[in-house]
Amino acid sequence: MTIGIDIGGTKIEGVLADPTGAVHATCRISARPGNDLVVEDTVRVARSLTGMPVPVGIGIPGQIDAEHGVVRNVVNLGITELALADEVGARLGAPVRIENDVNAAALGAAAVVGGERKAGTGTVVFLNLGTGLAAGIVRDGRLDRGSTGAIGEIGHVPVDPNRLPCPCGQRGCLETVACGGAVARLWPSADPAMPDILRRAAQGDPEARRVRDMVLHAIGDALQIVAQAYDPRLILVGGGMARTGAPLFDAIGAEMRRRAEGCPFLTTLDIPSRVRPVPDGAPIGAIGAALAAAEE
Ligand SMILES: [Zn+2]
């Protein structure tokens with residue numbers, strides 16, 4: 001058994017999981033900002049799951065130095081720099097490993113969706129349509145971390161024709177259009193925005209159609225990038241925007257089929273058949289963190 005803890009901007013979610021990713025206990029509390037409170041709350045979640053000093057994996061946003069267990073620049077939690085693995089490990093008397101939150105969610109999604117709660121075989125990509133846009137890559141049940149930890153950062157590939165400025169310093173990054181944060185800026189009149197955009201577009205609202213087409217085009221680009229760069233068996237789509245559910249996935253399928261018209265190459269790739277939603281509410285971030293803790 002290992003403990004997995006997913007630290008987000010608003011909540012901390014923990015699971016006690018076995019090596020297949022099956023969950024044996026859960027705990028969820030609100031997150032509080034600041035180094036000391038993040039450590040305290042993480043330790044509290046771990047202790048509530050088991051009294052045993054089992055290995056702990058932690059998924060957290062920000063820049064991750066996995067080797068030294070240090071996380072930097074988590075704006076939503078007021079963290080500039082925190083030696084999270086050492087601080088939590090010392091209190092629990094257990095080994096602690098930290099992961100980028102999208103990578104942890106990828107590992108969890110691959111286990112939950114990709115292989116009937118076993119680590120999925122082959123290559124599985126997790127595409128996070130969350131506040132930002134990023135992908136995590138899992139090969140035969142193990143994370144591909146790349147050479148610098150920046151693997152899967154496709155949100156900052158500047159291919160979007162709208163050329164909107166991005167906080168990263170470029171223009172036209174996919175993340176300026178194809179993620180929950182971007183859609184909320186493009187369509188501020190409804191929260192969540194994406195279901196409202198799709199509903200109004202279906203009713204013929206021209207502005208909703210314009211925004212819908214922008215967003216679907218950028219999501220289509222993101223899917224093609226991961227499909228063609230990694231040739232995955234499955235592309236698991238999660239994050240807040242994915243909670244739009246069937247209306248969004250139907251629209252994504254239509255966009256990908258439209259692209260394949262008259263293109264034997266894309267027709268053969270058959271990207272729509274590889275896309276799966278991540279089950280709403282599944283604690284994939286925490287499950288993946290637990291699986292990462294079990295890696296040697
Ligand atoms: Zn960018």
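Residues numbered from 1 in each chain as written. Predicted model: local features only at pLDDT ≥ 70, side-chain atom pairs only at ≥ 80, totals over all residues. Heavy atoms only, no water.

**What to know about the overall build of the protein**
Secondary structure assignment for the protein yields 9 helices and 13 strands. Computed over the C-alpha atoms, the radius of gyration of the protein is 19 Å, within 12% of the 19 Å expected from 2.2 N^0.38 for a compact globule of 296 residues. Dimensions of the protein, computed from the C-alpha atoms along their principal axes, are close to 60 × 35 × 35 Å. Buried positions account for 53% of the 296 residues belonging to the protein. Long-range pairs, those at least 24 residues apart, make up 61% of the contacts in the protein between residues at least 6 apart in sequence. With an accessible surface of roughly 13200 Å², the protein has 51% of that area assigned to carbon and sulfur atoms. (Helix = DSSP H or I, 4+ residues; strand = E, 2+ residues; numbered from the N terminus. Rg over C-alpha atoms; globule rule 2.2 N^0.38 Å. Buried < 20%, exposed > 50% of the residue type's maximum accessible area, 1.4 Å probe, protein only. Contact = heavy atoms within 4.5 Å. Areas by Shrake-Rupley, 256 points an atom, 1.4 Å probe, with all protein chains shown as cover.)

**Focus on the coordination of the zinc ion**
Around the zinc ion, the protein supplies His156 (ND1), Cys166 (SG), Cys168 (SG) and Cys173 (SG) as donor atoms, at distances of 2.0 to 2.3 Å. All donors of the zinc ion come from a single chain, and their spacing in sequence reads H-x9-C-x1-C-x4-C. Looking at cysteine 166, the relative accessible area reads 8%, which means it is buried. (Donors = N, O, S within 2.8 Å, 3.2 Å for Na, K, Ca; no water.)

**Considering the domain arrangement of the protein**
Domain annotation for the protein reports domain 1 (2-104 + 282-294) and domain 2 (116-277). In this structure, domain 1 and domain 2 have C-alpha centres spaced 27 Å apart. Summed over both partners, the interface of domain 1 with domain 2 buries about 830 Å², with 52% contributed by carbon and sulfur atoms. Area buried by domain 1 at its contact with domain 2 is led by Thr20, Val102 and Asn103, which between them contribute 60% of it. Viewed at the interface, domain 2 and domain 1 are joined by 1 salt bridge. Residue glutamate 99 pairs with arginine 145 through a salt bridge whose shortest N-O separation is 2.4 Å. On inspection of domain 1 and its partner domain 2, the count reaches 1 residue pair in polar contact (both at pLDDT 80 or more). (Domains from an automatic or database assignment. Buried area = accessible area lost by both parts, 1.4 Å probe. Salt bridge = Lys/Arg side-chain N within 4 Å of Asp/Glu carboxyl O. Polar contact = N/O pair within 3.5 Å; in protein donor to acceptor, adjacent residues only side chain to side chain.)

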